[in-house]
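For reference, the chains in residue letters:
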Amino acid sequence: GALDPAFNAPLFARGARFVALQPDGKVIVAAVSNLEPYAPAGALATAAPTIYRLRTDGSLDPAFTPAVLGASDIIFGEPVVDGAGRIYLAGIIRAINGTPRANLARVNADGTLDAGYAAPATLPAGWASNQARAVLLQSDGRAVFVGDFRYTGRGTAPDRIMAVRLTTAGAL
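Residues numbered from 1 in each chain as written. Predicted model: local features only at pLDDT ≥ 70, side-chain atom pairs only at ≥ 80, totals over all residues. Heavy atoms only, no water.

### As for the sheet that holds strand β3 (residues 50-54)
- Taken in spatial order, the four strands of this open sheet run β1-β2-β3-β4, and their pairing is antiparallel. A single partner strand is all that each edge strand has here, and the edge strands are β1 (14-21) and β4 (67-68).
- Pairing geometry for strand β2 (residues 27-35) and β3, over five bridges, is antiparallel. Looking at the pairing, A31 lines up with T50 of β3. (Pairing = 2+ DSSP bridges. Helix = DSSP H or I, 4+ residues; strand = E, 2+ residues; numbered from the N terminus.)

Structure follows, in structure tokens:
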């Protein structure tokens, strides 16, 4: 295959680690690696890892608000997109657009954070998450995250949990 000259993607100053396809053909790009020291002039540069959306021609989608993660946050797995265009993220995610997260996140189709989904305040007492490594969606819309989670709800010592399933609303 030859390069498609009609696909005109922007230059990224951060390494683009993951891509995902939305149902409408738009492309989600997770520019989450370290800033490249030799990034070309004019490249998109942010102070933190960022999720972008490209239109089908490769240009930035102006209808999508880039989701900016915390400065030291990391996305470990490929973003997952549901039928409504919402984006599920797993990693070490402490914040998105300044709103605290507990390593699990869902971004709406317009790029804004779904603040109620897996919000730290809604997680049960005794819950802790060191990192989420990957996410998948089940056919009923519930998300399964795997990673390093802890829960002391059944005693004083934390139980180590490797997989959790959230409801479609984001509750455990």
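### So, the pattern of salt bridges
- This structure, assessed with the given rule, holds seven salt bridges.
- Close ionic contact of D61 with R53 constitutes a salt bridge, the shortest N to O distance being 2.8 Å. The same class applies to D61 as to R53, namely buried.
- Members of the salt-bridge network, linked through shared partners, are K26, R53 and D61. (Salt bridge = Lys/Arg side-chain N within 4 Å of Asp/Glu carboxyl O. Buried < 20%, exposed > 50% of the residue type's maximum accessible area, 1.4 Å probe, protein only.)

### Brief notes about the packing of aromatic side chains
- This structure, assessed with the given rule, holds three aromatic pairs.
- Centroid distance W127 to F149: 5.3 Å. Interplanar angle 25 degrees. Geometry classified as stacked. In this pair, W127 is assigned in strand β11 (residues 127-137) and F149 in strand β12 (residues 143-151), connecting sequence segments 22 residues apart.
- Overall, the relative accessible area of 14% leaves W127 in the buried class.
- The ring of F76 has R133 sitting right over it, with the charged end atom 3.9 Å from the ring centre. (Phe/Tyr/Trp six-rings, centres within 6.5 Å; stacked < 30°, edge-to-face > 60°. Lys NZ or Arg CZ within 6 Å of the ring centre and 35° of its normal.)

### A word on the sheet that holds strand β13 (residues 159-166)
- With respect to topology, three strands assemble into an open sheet ordered β11-β12-β13, the strand pairing being antiparallel. Each edge of the sheet is formed by a strand with only one pairing partner; in this case those strands are β11 and β13. The average angle at which neighbouring strand axes cross in this sheet is 20 degrees, direction not considered.
- Summarising the sheet, β12 and β13 pair through seven bridges and their orientation is antiparallel. Paired with F149 across the two strands is I161, which belongs to β13. (Axes fitted to C-alpha atoms, helices over the stretch in contact; angles between N-to-C directions.)

### Observations regarding the nonpolar core
- Counting residues in each nonpolar core, the largest one holds 18 residues, and the members touching the most others are I51, I75, I87, L89 and I96.
- Elements represented by at least two residues in this core include exactly β1, β2, β7 (87-92) and β10 (104-107).
- Not counting the four nearest positions on each side in its chain, I51 is found in contact with I28, V29, A30, V32, F64, P66, A67, L69 and L89.
- A118, L123, I161 and L166 belong to the second largest nonpolar core, which has 17 residues in total. (Core = buried A, V, L, I, M, F, W, Y, C linked by side-chain atoms within 4.5 Å. Contact = heavy atoms within 4.5 Å.)

### Quick look at the pairing of β10
- Burial of the side chains of β10 extends over both faces: L104 and R106 are buried on one face and A105 and V107 on the other.
- As judged from the four bridges shared by β7 and β10, these two strands associate in the antiparallel manner. In the sheet register, Y88 faces β10, and the bridge partner there is R106.

### Focus on unusual backbone geometry
- Phi is positive for N97, close to 50 degrees, though the residue is something other than glycine.
- Not every positive phi belongs to a glycine, and A118 is a case in point at roughly 50 degrees.
- Along the polypeptide, A118 turns up in the loop between β10 and β11.
- Accessibility expressed as a relative area gives 0% for A118, which makes it buried.

These figures come from the coordinates and say nothing about function on their own.
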